[in-house]
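What follows is each chain in one-letter form.
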Amino acid sequence: MTTSELGRLDVEAVRADFPILARTVRDGRPLVYLDSGATSQKPRQVLDAERDFYERHNAAVHRGAHQLAEEATDAYESARATISAFVGAQPGEVVFTKNATEAINLVAYAMSNAATSGEAYARFVVGPGDEIVVTEMEHHANLVPWQQLCQRTGATLRWFPVTSDGRLDLSGIDELINDNTKLVALTHQSNVLGTVNPVTAIAERAHAHGALVLVDAAQSVPHMPVDVTELGVDFLAFSGHKMLGPNGIGVLWGRPELLAAMPPFISGGSMIGVVYMDHTTWADPPQRFEAGVPMAPQAVGLAAACDYLSAVGMENVLAHEQALTQYALKQVGDLPGVRIVGPTDPVDRGGAISFTVEDIHPHDVGQVLDDVGVEVRVGHHCAWPLHRCYETVATTRATFYLYNTFAEVDALAEGIQATQRFFGTAAAR
Amino acid sequence: MTTSELGRLDVEAVRADFPILARTVRDGRPLVYLDSGATSQKPRQVLDAERDFYERHNAAVHRGAHQLAEEATDAYESARATISAFVGAQPGEVVFTKNATEAINLVAYAMSNAATSGEAYARFVVGPGDEIVVTEMEHHANLVPWQQLCQRTGATLRWFPVTSDGRLDLSGIDELINDNTKLVALTHQSNVLGTVNPVTAIAERAHAHGALVLVDAAQSVPHMPVDVTELGVDFLAFSGHKMLGPNGIGVLWGRPELLAAMPPFISGGSMIGVVYMDHTTWADPPQRFEAGVPMAPQAVGLAAACDYLSAVGMENVLAHEQALTQYALKQVGDLPGVRIVGPTDPVDRGGAISFTVEDIHPHDVGQVLDDVGVEVRVGHHCAWPLHRCYETVATTRATFYLYNTFAEVDALAEGIQATQRFFGTAAAR
Amino acid sequence: MQLDSMYQEIILDHYRNPHNKGLREPHNGEAHHINPTCGDEVTVRVRLTPAVEGGALDDKATIADVSYDSMGCSISQASASVLTDLLIGSTLEEGMRMLDEFTELMHSKGQGEPDEDVLQDAVAFAGVSKYPARIKCALLAWMAWKDATAQSLETEKEGAS
Amino acid sequence: MQLDSMYQEIILDHYRNPHNKGLREPHNGEAHHINPTCGDEVTVRVRLTPAVEGGALDDKATIADVSYDSMGCSISQASASVLTDLLIGSTLEEGMRMLDEFTELMHSKGQGEPDEDVLQDAVAFAGVSKYPARIKCALLAWMAWKDATAQSLETEKEGAS
Ligand SMILES: Cc1ncc(COP(=O)(O)O)c(C=O)c1O
Ligand SMILES: Cc1ncc(COP(=O)(O)O)c(C=O)c1O
C-alpha cells in the first residue's frame, strides 16, 4: 500500500507492510500477535529507512566535517525534527535515549546530580523533606528510578492508590500533592489496565504547588494523538520500539527552560562545552544529554515510523484500537470465569486487556493460547505492585495495535475457552 | 565472498560486502573512508542479521512466554554468547549498554550509588581521600564520567601525563597509584595517537594496591585480538558501531564477582528481583544492569559482526592494519610540513594517524581532502586535554580498518599535498 | 496438539492433587524463591538426618523430609510435588544426582533422554524443555530445595563448630 | 573543483591578511566563544557609543569599534575580519540587520540570495552554507559579537540605573 491511501484504516493494507505478520507459529498456525504493548512489529518502511542510512549515509553524527558525516548529521537532525513534530514539540526539546526507561532515569539522575553541580542547577535539587509522587499503577520503569532517587537524596516517595475498577484514586490529592512535592511522575496510559489518566488535571494541581510533572507516555504516544503543548506537563518519555520504530531508541521531551537548567546524566563525548583534565562545561540541550556516538540509524527508523503513523493518522489508529478494545471487553469479559483487571467500560481506556481466568494460572493460559498461535503476555507486566492491589500475582494481557483485526479478538476469546476446556475448569462445563 | 574463504585478508572481497564503499561523494569521487575510528561501516551480513530478526523473530526479550518471545530471547542470549566469546569472556559477564560511553558511566554511577545501597555494596564506595586515576590521553568518554564521579563523591581525580612522542609517561607511577587509589581507568588504544598502552603492567600495579582497573577498549576490540582473561583487568568497555556492528549497542565486561557486588545504574523493568512500592531487590548480573526492553536486534547484528571478524581472523585484521599504518606513517609522515602527533614507529601502535599540516588549519585540510573524496576527521576527536599537551587545538586524523587499501593511503598523502598547493604554503613550493 | 507434550497426564495429576504440600516441622533448612518474571513463589523446607546417628551430614545423609508451600502455574506446582516424592527418603548424594539430571533435562531443548531410573515421574517434564520460558517454572522448587539443603548443611556446621 | 565555491578569493585574502585583528581599548563589551567540536576560539570586543552624546545606547547607537583575537580555520578567521569591516562605523540597527542576513545566508544550504548592499564582502561566504559542518566556523565571530554587544548594553543599563 501507499500509506497515504489508507483513509480511515485499511487493516489488510497495513498488515501487508509488516513482513512478520505473514509468518506462522507452532504447527503452522497463523500468527495472532497481541503483545504490542510489550513491543510492536515494524513495517518494511521503517526497516528500509534504517538500512538505507547504513548503506548510504553512515558516519558518526556531529563529529565530522566530511560529506558522509554531513549527510548522517542531517539525517539524524531531520529525524529529530520529525519525531518532535509528531508530539507537537520543537526539535531542541527532544533528547534521544536508548528507551523510555533511560529517559525517566535521565531526569531522576539529573535531580540527584543537581546537588553537586553548583548554583546554576539548584532548581533541581531534592533532599530530605521533599516528596516525589508516583502512582500504584506505574510500570517499574516509572517507579524504581524514583525509589532510587529517594534513596540517593533522602526525599520521600508517596503514591496515588488505585480504585477497584482500575482508575487512579484521586480522593487524597489535596494532601498527596502539597508544597513539599517536587515532582509527580505518572503514566499517561497504563500498560496493564489500559486506563488513561487525567494527566492535565493532575499537572495543574502539581504546578500550583511548584512541582514538576513527568509523564510516562510509553503506552500513549504509540496509540493516540499526543501534543505536549496541550498536555500541560514538563517531561514526557516514550520508546521507539512500541510505536513501529526500531529498538534501542527512546525519547525524553522536556520544557526547554527546564532542560537548560538540568545538569547532565551520562557524560562523555559530544555533550561538552570545553574539557580540561580537572573540569568540563556542558553543551546546550539536547546535546548535553546525548553522550557518545548516538543511535542515528534508529532515529531515522523512528522518524519513518512517525511518518507511517502520521500517514495512517493517529486519530484513525486510536479509533481502530478503541473499536477493538470495546469488542474485546465484551468478547473476553463476558466469558464465564474471566475477570478483567482494569476498567470494563471503554471510556478513557486504551487497548490493554488484562484478565484472570478462574482456576487457571496465567502461564497456563498463555501456553494454550500460544499453542493456537495467539501471542499474549503473562506475568506482572513490570507492574508488580499494581498486581498486588488486585490480589493476584499475574494476569494474562492482550494488547492491540493498528494491525490487529476483529478476527484476532475472536481467536483470543476462542483460545481462552479452549484453555478452560483443556484444564477442565468449572467455567468450561 | 564467503568470509571463511578469506585466508589472510582479501581486501577486495571484504570491500564487496560493504555496500556503502561503492558509493561516490562530491563530484562523483570514489569514497575513501578513513574515519572508522569515529564509526565503522557495516557489511551486508550484519544488516541482514538485524533485519532477519525484525522480520521473523521480533518480540520483547525476557518478557514473554510465547513463541516469538522465546525466539527473540534465544537470539538475544545467543548473541551475548557470541560477543562474550569474541573477547574471551563468559556470557554472564557481559552487559549490553547503548555504547561504550554508557558502559563507562555505568561503573562510575554504580560507584557513587554504592554509598546509598547498603552493606552489600560497600566495596564500591568512594569518597574524600580516595583517588581515581586516568590518563591525559583519554577520550572524553573515559575522562568526564570520572570527573563527575569525583564531583559526586568528593574523591580526587589524578592522571598519568603523556610524553612528547605519544606514550604514557609512567615515571610517576609509584606515586600516582597508591593505597588511596580506588580505580584506574585508561584506554587500551588511543583514538588520537594510536598508542597501545601497557594495560597489563599497569593493572598489576593497581591490583597490588587494591585498586580496580577499567579499560576503555573502544579502539582495541575492533582492531586486535582481545582476551579479557589475559588482559588482567576488571572492566572493559567497547562499542558495537566501531567494530562493524550496529549503532545503539555497547558492551561492559566485568569480572563476575565484581558485577555481582555492584549496585545497579539505570533502573526499571527486567532488572528487578521483587518490587514493592517502597523497595525493590535486584536481579543477578547481567540483567541487573539492563533495564527496559533491550536492543535485541542490535545485539544480533553485533554478534554477526563478531562472526564476520572472526571469520576474517582478528590476527589478520591486525596485521592488515599494521601494514597500512606503517605505510601511512611513512607516506604521510615524510611529507614536508606534516607533523604526526603520536608515535612515529609502528610498535605498540594501532591505525590512527593524527597530524598537523604547517600553516593550514585541520578544518581546511579536511575540507580539501573531502573535496577529493578522502573522508577523515578533524578537530580534537573528543580528546581535548590531549591536544593541549601537544600545543594544538585540533588535528586531522585518518583511521584504518580491514576494508582500507594501500591505494587509499596514497590518496590521503596526495590529498594533503593538494591541500598544501591549494593554500600555497611553504611546504608546497 | 503440541500441548500434550508439555502437559503430560502425570503433570496434570500432580498439579490437581499435589503431594506433601504444606510446610512441616521439624526442618533444618528453608528457602524461599520467587520467579521475578511472573511472581510465582515457593518455600521449601528440608530435614536432613545423618546416615549414622550423631554423625555428620555428609553425602550419605538422609533427606528425611521435604515439604513446601507455593503459588504458581501447573508446571511449578507439579514440579514441587514430584520433587518431594523423589527426594524424601533418598540420600543427599542421590538427591543431588536427581537435581543434576533434572537440570540437564530442562536445558536439553526437547532433545534430552532422561534416565527414568533416576528421575522417575520427573521424566514427564521432558516436554517442558522445549519451552524456554517455562523452564524456570519447572526448576523453581528444585532451586529452592538446593538452597534449603545448603542451609541445612550450614546450620549443622555451625552447630558442630 | 567545488572547493572554489567555499574558498572565494575574498575569503582567502581576509584569512591571509586579517583586518582589525588584536584586542583594542577602549571597549564596553567583550565575549569569548569556543567551537566545541574543534576548539576554535574567538574573543570579540566592541565599543558602542550613543547616537547623541550623553544619550542612551539605542538602535541608533554607533558601533565605534570592534576588535578581536582568534585562533581557527580560514573560514572563522576570514569571517571575523570581514565582520569588523562591516560593523565598524555602522549603527547598532544596521549591525543587527547584517547579523540576521548573514545568519540566514549561512542556513540557506547554498540556496541563499544574499543582499550585497547589506552584506558586502560577507556575500563571499554564501558557498560555506553548502557545508553544514563549517557554518559554525563562519558564525563564530558573529555570535561572539552578538554577546559582546549584549554586554555593552547591559553595562550601560547598569551604569544608568
Ligand atoms: C577511545 C574511545 N573511547 C570511547 C569512545 C566512545 O565510544 P561511543 O561514542 O561509542 O560511546 C570512543 C569513540 O568515540 C573512543 O574512540
Ligand atoms: C507504561 C510503560 N512505561 C515504561 C515502559 C518502559 O519502556 P522501555 O522498556 O522501552 O524502556 C513500558 C514498556 O515496557 C511501559 O509499558
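Every value quoted in this text rests on a predicted model; they were computed, and no experiment measured them.

1. What to know about the overall build of chain C
Each helix and strand in chain C was counted, giving six helices and three strands. Compactness check: chain C gives a C-alpha radius of gyration of 15 Å against a globular reference of 15 Å for 161 residues, within 12% of the reference. Each principal axis of the C-alpha distribution contributes one length, and for chain C these read about 55 × 30 × 25 Å. For chain C, the residues scored as buried account for 47% of the 161 residues in total. Counting contacts in chain C only where the partners sit at least 6 residues apart, residues at least 24 apart contribute 65% of the total. As displayed, chain C offers around 7200 Å² of accessible surface, 48% of which is attributable to carbon and sulfur atoms. Side-chain charges in chain C split into 13 positive and 27 negative, and the spacing between the mean points of these groups amounts to 5 Å.

2. Some details on the site of ligand 2
All names here are of chain A. Within the structure, ligand 2 sits among 16 residues, and T101, D216, S239, H241 and K242 are positioned closest to it. Between Q219 and ligand 2, the recorded distance is 2.7 Å, taken from a side-chain N or O atom to an oxygen atom. Between ligand 2 and K242 there is a distance of 2.8 Å, counted from an oxygen atom to a side-chain nitrogen or oxygen. When its residues are assigned to classes, the shell around ligand 2 shows four nonpolar, nine polar and three charged.

3. Concerning the site of ligand 1
Near ligand 1 there are 16 residues, and of these B:T101, B:D216, B:S239, B:H241 and B:K242 occur at the shortest range. Residues lining ligand 1 come from chains A and B. Contact between ligand 1 and B:Q219: an oxygen atom at 2.7 Å from a side-chain N or O atom of the residue. For ligand 1, the accessible surface in isolation is 390 Å², of which the surrounding protein chains cover 99%.

4. A closer look at the interface of chain A and chain B
On the side of chain B, 95 residues touch chain A, which itself brings 95 residues to the contact. Taken together, both faces of the contact between chain A and chain B bury some 7900 Å²; the carbon and sulfur share is 54%. On inspection of chain A and its partner chain B, the count reaches eight salt bridges. Of the charged contacts, one joins A:R51 and B:D48 as a salt bridge, the two residues approaching to 2.9 Å between their closest N and O atoms. Summed over the shared surface of chain A and chain B, the number is 50 residue pairs in polar contact (both at pLDDT 80 or more). When the residues that make up the side of chain A that touches chain B are grouped by side-chain class, the tally is 42 nonpolar, 31 polar and 22 charged.

5. Quick notes on the UniProt feature "domain: Aminotransferase class V" (unreviewed entry) in chain A
As annotated by UniProt and renumbered to match this structure, "domain: Aminotransferase class V" (unreviewed entry) occupies residues 32–412 of chain A. Strand forms 17% of residues 32–412 of chain A and helix 37%; the C-alpha atoms that close the span are 8 Å apart.

6. Observations concerning the side chain of B:H381
Mapping B:H381 onto the fold places it in the loop between β16 (377–379) and α13 (384–389). Overall, the relative accessible area of 1% leaves B:H381 in the buried class.

7. Structural notes on a negative patch on the surface
All names here are of chain C. Residues D85, E116, D117 and D121 make up a contiguous surface patch of negative charge. Within the element layout of this structure, E116 appears in helix α5 (residues 116–119). Under the relative-accessibility criterion, E116 is labelled exposed at 54%.

8. With respect to the UniProt feature "domain: NIF system FeS cluster assembly NifU N-terminal" (unreviewed entry) in chain C
Annotation from UniProt places "domain: NIF system FeS cluster assembly NifU N-terminal" (unreviewed entry) at residues 6–137 of chain C. Helix makes up 36% of residues 6–137 of chain C and strand 19%. Its end C-alpha atoms lie 12 Å apart.

9. Some words on the confidence of the model for chain A
The predicted model of chain A averages 96 in pLDDT, with 98% of residues at 70 or higher. Low pLDDT (under 50) marks residues 1–7 of chain A, which in the prediction has 16 contacts with non-local residues, meaning those over four places away or in another chain.

10. Overview of the arrangement of the chains
Most contacts, compared over the five pairs of chains touching, are made between chains A and B. Spatially, chain C is disjoint from chain D: no contact exists, and the shortest C-alpha separation is 45 Å.

11. Some remarks on the nonpolar core
Membership of the largest hydrophobic core comes to 159 residues, with the highest contact counts inside it found for A:L236, A:L402, B:L236 and B:L402. Setting aside its immediate chain neighbours within four residues, A:L402 contacts A:L9, A:V11, A:V14, A:L244, A:Y308, A:L309, A:V312, A:V317, A:H320 and A:E321. A:I104, A:A110, B:V107 and B:V275 belong to the second-largest nonpolar core, a separate cluster that totals 92 residues.

12. Regarding the interface of chain B and chain D
A common way to express how large an interface is: the accessible area buried when the components associate. Facing the 17 residues of chain B at the interface are 23 residues of chain D. Overall, the association of chain B and chain D removes approximately 1700 Å² of surface from exposure, summing both partners, and the carbon and sulfur fraction of that is 58%. For the pair chain B and chain D, the interface holds one salt bridge. The closest approach of N and O atoms between B:D364 and D:R134, which form a salt bridge, is 3.1 Å. Our enumeration of links across chain B and chain D arrives at seven residue pairs in polar contact (both at pLDDT 80 or more). Of all the secondary structure elements, the ones that give two or more residues to the side of chain B that touches chain D are α12 (362–371) and α14 (406–423) of chain B.

13. Some remarks on the sheet that holds strand β10 (residues 250–254) of chain A
All names here are of chain A. With mixed pairing, the seven strands of this open sheet are ordered in space as β4-β10-β9-β8-β7-β5-β6. Bordering the open sheet on either side are β4 (94–97) and β6 (156–160), each of which pairs with just one other strand. Strand-to-strand twist across the sheet, computed as the mean angle between neighbouring axes with direction ignored, equals 20°. Where strand β9 (residues 235–239) meets β10, five bridges bridge the pair, whose relative direction is antiparallel.

14. Re the packing of helix α11 (residues 314–333) of chain B against α14(B)
Two quantities define a packed helix pair, namely the angle between the axes and the distance from one axis to the other. Residue and element names in this part refer to chain B. Orientation of α11 relative to α14, taken along the N-to-C sense of each, is 20°, at an axis distance of 10 Å. Judged on the interaxial angle alone, α14 and α11 are roughly parallel. In this structure, α11 meets α14 at a crossing whose hand is right-handed. Within the contact between the two elements, α11 uses A323, L324, Y327, A328, Q331 and V332 and α14 uses F406, V409, D410, L412, A413 and I416. The class makeup of the residues in the contact of α11 with α14 is ten nonpolar, one polar and one charged.

15. A word on the relation of the copies chain A and chain B
Note on the identical chains: chain A maps onto chain B by a rotation of 180° and an axial translation of 0.0 Å, with an RMSD of 0.0 Å. When the rotation and shift are considered jointly, the pair of chain copies conforms to a two-fold rotation axis. Scanning chain A for the C-alpha nearest the rotation axis identifies A:G248, at a separation of 2.9 Å. Of the residues that chain A buries at the interface, 100% are likewise interface residues in chain B, meaning the two copies contact each other through the same surface.

16. Focus on the packing of aromatic side chains
Inspection of the entire model under this criterion finds 29 aromatic pairs over all chains. Ring geometry for A:F265 and B:F265: centres 5.4 Å apart, planes at 35°, overall tilted. Of this pair, A:F265 sits in the loop between α9 (256–260) and β11 (272–275) while B:F265 sits in the loop between α9 (256–260) and β11 (272–275), placing the two residues on different chains. The residues A:F265 and B:F265 share a single accessibility class, namely buried. On the numbers, 5.0 Å between centres and 20° between planes, the contact of C:F102 with C:W142 is stacked. Of the two residues, C:F102 sits in helix α4 (residues 92–106) while C:W142 sits in helix α6 (residues 132–160), which places them 40 residues apart along the sequence. Judged on exposure class, the residue C:F102 and its partner C:W142 are both buried. Members of the aromatic cluster, connected to one another through ring pairs, are A:F18, A:Y308, A:Y401 and A:Y403. Stacked on the ring of B:Y109, the Lys or Arg B:R152 has its end atom at 3.8 Å from the ring centre.

Reading guide: rules and limits
- Residues numbered from 1 in each chain as written.
- Chains lettered and ligands numbered in written order.
- Predicted model: local features only at pLDDT ≥ 70, side-chain atom pairs only at ≥ 80, totals over all residues.
- Heavy atoms only, no water.
- Helix = DSSP H or I, 4+ residues; strand = E, 2+ residues; numbered from the N terminus.
- Rg over C-alpha atoms; globule rule 2.2 N^0.38 Å.
- Buried < 20%, exposed > 50% of the residue type's maximum accessible area, 1.4 Å probe, protein only.
- Contact = heavy atoms within 4.5 Å.
- Areas by Shrake-Rupley, 256 points an atom, 1.4 Å probe, with all protein chains shown as cover.
- Lys, Arg positive; Asp, Glu negative; His and termini not counted.
- Charge placed at Lys NZ, Arg CZ, Asp CG, Glu CD.
- Near = heavy atom within 4 Å.
- Polar contact = N/O pair within 3.5 Å; in protein donor to acceptor, adjacent residues only side chain to side chain.
- Nonpolar A, V, L, I, M, F, W, Y, C, P; charged D, E, K, R; others polar.
- Buried area = accessible area lost by both parts, 1.4 Å probe.
- Salt bridge = Lys/Arg side-chain N within 4 Å of Asp/Glu carboxyl O.
- UniProt positions renumbered as here; feature names shortened; annotations may be inferred.
- Patch = residues over 30% accessible without salt bridge, like charges linked within 9 Å, V, L, I, M, F, W, Y side chains within 5 Å.
- pLDDT = per-residue confidence, 0-100.
- Core = buried A, V, L, I, M, F, W, Y, C linked by side-chain atoms within 4.5 Å.
- Pairing = 2+ DSSP bridges.
- Axes fitted to C-alpha atoms, helices over the stretch in contact; angles between N-to-C directions.
- Parallel < 35°, antiparallel > 145°, perpendicular 65-115°, else oblique.
- Left-handed = near helix turned anticlockwise from the far one by under 90°.
- Least-squares fit on C-alpha atoms with pLDDT ≥ 70 in both.
- Phe/Tyr/Trp six-rings, centres within 6.5 Å; stacked < 30°, edge-to-face > 60°.
- Lys NZ or Arg CZ within 6 Å of the ring centre and 35° of its normal.

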